[in-house]
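Single-letter residue listing:
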Amino acid sequence: ILAHKGKPGQDISMDVTVPSRNGARGIYVRDSRELEGPMTFNVKVAPRFEHATERTAQEMDQLLDLELELALVPSEPWVECPDRITLLSAKERGGQTFSVRLSPRDMPAGVHYATVDAVDANDRGRGAIFSLPVTVVIPHTRFLTSESPMLRLNEDEAVELKPNSIDISTTYRLVPGAPNRRFLAVPPGAEWATIKIRGSATKPTEKSPQRVLLHAVPFVNGDLPNTETQIKKLVEVAEGVEREFQVRVKGGHTLELCLQLMWLANPSPASVAAEVEFHSLDARPPTMASSQHVVIPPAGEFARLGAGAPLRSERVEPAAKFTAVEKTVRPERYGITAGSAGRDVLPPADAEVVAAGAAPAPAGTLIYDMHLRYKFNVEAEDGKTVATIPSVPSLAHQIYDSPLDSLLWALEDSNGRILKYGGAGHGAAAT
């Protein structure tokens, strides 16, 4: 650090993002549909200047003087990129871009990791100015066909396609403390998977049953974090005893099935077999968020729900019940008032104070409040209580993470008694 102190760009942080991946900080690919041919990604690099809104002359010089000749060095041959770029501040266009091309066609099954390091072309000893991580996951099922249904990983482990060309069976040889992963392509239209695991040793051992951690991650780049859809279970595995679990999946993506033998309670290796069966009722939208909601409109008397079984025969026992009624109400009255002059004032920026010099500092920006009052009735039978959740969805995208705006609500009864307070992102529990 001391040897390179003061060199151009040494103390400037770089924001490296992939716009086509929702601004991700790297490239992560693991779905079969993306692996059919070469892939090209645009990468944006934006130097981060810790400046105020109004820059001083010294800060403007730092902004305009940035000009780095960078050499781009990929760590693996399946990653291609330009030899070098000239990095400027590019403040007016939000950063500079370069392309990265991936060629995963001949890669074996499993996880492959690489980086694209940007180093000073005139002083490579400085190390990487920024680095882009690249991860490509090749599903094991990519190499399975009806003519060649088995992929042997080693003497003890294999992945096999079942005769129905849908389900998968695989064997594991687990050693204590080492995770062992399989990546399985999910058939189109599948909605959930049944995972069955059992001990596969030819005869029971003295260490049986053994404790195994099961971790299944069905989805990584969609509308929900994997913590909302994954399953993680600690299971006791024994020969001749089968354990069964269900996990939601999404057709066309990749299911990661990881088993790990707990090292503290299992000093000896274990052999485990797993079977994965894919199911679908074709009754859920592609969001994975929840089961498909059935909404009866005010002018209708019924709603239709379709179902099908595109993968295999399924048993269905439908049932329905009313869970909620949505009412849209308009404000009864509104008012816009100025905030408190001593409390609701945003202080001036540092650059504004510097620009003022010896003159009095700017007074800041006054915040205004808008008060809306809604009136609605809640009817209940036989003295029962009715759960109510105030919601203003039209403002959710405008005030979420906003430094200037907020939404607070108070729920009152007919006598003016406050029942509950809440906000835009909090207080979502029913009252």
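Definitions and cut-offs
Residues numbered from 1 in each chain as written. Predicted model: local features only at pLDDT ≥ 70, side-chain atom pairs only at ≥ 80, totals over all residues. Heavy atoms only, no water. Helix = DSSP H or I, 4+ residues; strand = E, 2+ residues; numbered from the N terminus. Buried < 20%, exposed > 50% of the residue type's maximum accessible area, 1.4 Å probe, protein only. Contact = heavy atoms within 4.5 Å. Areas by Shrake-Rupley, 256 points an atom, 1.4 Å probe, with all protein chains shown as cover. Salt bridge = Lys/Arg side-chain N within 4 Å of Asp/Glu carboxyl O. Patch = residues over 30% accessible without salt bridge, like charges linked within 9 Å, V, L, I, M, F, W, Y side chains within 5 Å. Core = buried A, V, L, I, M, F, W, Y, C linked by side-chain atoms within 4.5 Å. Pairing = 2+ DSSP bridges. Axes fitted to C-alpha atoms, helices over the stretch in contact; angles between N-to-C directions.

**Q** So, the overall build of the protein chain: which residues are in play, and what are the values?
**A** In terms of regular secondary structure, the protein chain is built from three helices and 25 strands. Burial status across the protein chain gives 32% buried among its 431 residues. When contacts within the protein chain are restricted to residue pairs at least 6 apart in sequence, long-range pairs at least 24 apart make up 68% of them. With the model as given, the accessible surface of the protein chain reaches about 27,500 Å², and the carbon-plus-sulfur share is 51%.

**Q** Could you give me a rundown of the pattern of salt bridges, with the residues and numbers involved?
**A** What the rule picks out here adds up to 14 salt bridges. Across the salt bridge formed by E256 and R181, the nearest N and O atoms sit 2.8 Å from each other. One end of the pair, E256, is in strand 18 (residues 254–261); the other, R181, is in strand 13 (residues 180–185), and 75 residues separate them in sequence. On the basis of relative accessible area, E256 is assigned to the buried category, the value being 12%. In this structure, D344 engages R343 in a salt bridge whose closest nitrogen and oxygen atoms are separated by 3.3 Å. Residue classification places D344 among the buried positions, given a relative accessible area of 16%. Of the residues examined, R343 reaches a relative accessible area of 65% and is grouped as exposed. Beyond isolated ion pairs, a larger network of salt bridges with shared partners links R30, R181 and E256.

**Q** How would you summarise a nonpolar patch on the surface if you had to cite specific residues and measurements?
**A** A surface patch of nonpolar side chains, about 1,100 Å² in accessible area, is lined by V329, Y334, I336, L366, Y368, M370, L372, Y374, F376, V378 and V386. Of all the secondary structure elements, the ones that give two or more residues to the nonpolar patch are strand 20 (331–338) and strand 23 (368–374). Counting residues per element, the nonpolar patch draws most heavily on strand 23, which supplies four residues. By secondary structure assignment, the location of M370 is in strand 23. Judged by relative accessible area, which is 54%, M370 ranks as exposed.

**Q** Requested: an account of the nonpolar core, with residues and values cited.
**A** If you look at the biggest cluster of nonpolar residues, it comprises 34 residues, and the most contacted ones within it are M14, I27, V100, L102, F130, L132 and V136. Of all the secondary-structure elements, those providing two or more residues to this core are strand 1 (13–17), strand 2 (27–29), strand 3 (39–48), strand 4 (67–74), strand 6 (84–88), strand 7 (96–102), strand 8 (110–120) and strand 9 (128–138). Of all the elements, strand 9 adds the most residues to this core, at six residues. Setting aside residues up to four positions removed in sequence, V100 forms contacts with I27, M39, T40, F41, V43, V79, E80, C81 and L132. By size, the runner-up hydrophobic cluster in this structure holds 33 residues, among which are L151, Y172, L255 and A274.

**Q** Could you give me a rundown of the pairing of strand 25 (residues 418–423), with the residues and numbers involved?
**A** On a regular strand, each side chain points to the face opposite its neighbour's, so the side chains alternate between the two faces of the sheet. As paired elements, strand 24 (residues 408–412) and strand 25 share five bridges and run antiparallel to each other. For E412, the partnering residue across the bridge sits in strand 25 and is I418. Hairpin connection, strand 24 to strand 25: the antiparallel pair is bridged by five residues, and G416 has positive phi, about 85°.

**Q** Help me get a handle on the sheet that holds strand 13, residues and values and all.
**A** Two orientations exist for strands paired in a sheet by backbone hydrogen bonds: parallel and antiparallel. Ordered by their spatial adjacency, four strands build an open sheet running 13-18-15-16, and the pairing between neighbours is antiparallel. Both edges of this open sheet fall to strand 13 and strand 16 (231–237), since each of them pairs with a single strand only. Ignoring strand direction, the axes of neighbouring strands in this sheet form an average angle of 20°. Pairing of strand 15 (residues 210–217) with strand 18, which is carried by six bridges, proceeds in the antiparallel orientation. By the bridge assignment, L213 is partnered in strand 18 with Q260.

**Q** Which residues make up the sheet that holds strand 11 (residues 158–161), and what values go with them?
**A** Pairing is antiparallel across the open sheet formed by six strands, whose spatial order is 10-11-12-19-14-17. Lying at the two open borders of the sheet, with one neighbouring strand each, are strand 10 (150–152) and strand 17 (242–248). Strand-to-strand twist of the sheet, defined as the mean angle between neighbouring strand axes without regard to direction, takes the value 15°.

**Q** An account of the pairing of strand 3 is requested, with residue identities and associated values reported.
**A** Two strands pair when backbone bridges link them, and strand 1 and strand 3 are joined in this way by five bridges, in the antiparallel orientation. Along strand 3, the bridge assignment pairs T17 with K44. Pairing of strand 3 with strand 7, which is carried by seven bridges, proceeds in the antiparallel orientation. Bridged to T40 within strand 7 is R101.

**Q** Account for unusual backbone geometry, with residues named and values stated.
**A** In this model, N22 sits at a positive phi of 60°, which is unusual for a non-glycine residue. Tracing the backbone shows N22 in the loop between strand 1 and strand 2. Given a relative accessible area of 77%, N22 falls into the exposed group. One non-glycine residue, S165, lies in positive phi territory at about 60°. Along the chain, S165 falls in the loop between strand 11 and strand 12 (168–174). Residue classification places S165 among the partly exposed positions, given a relative accessible area of 42%.

Just distances and angles here, no functional claims.
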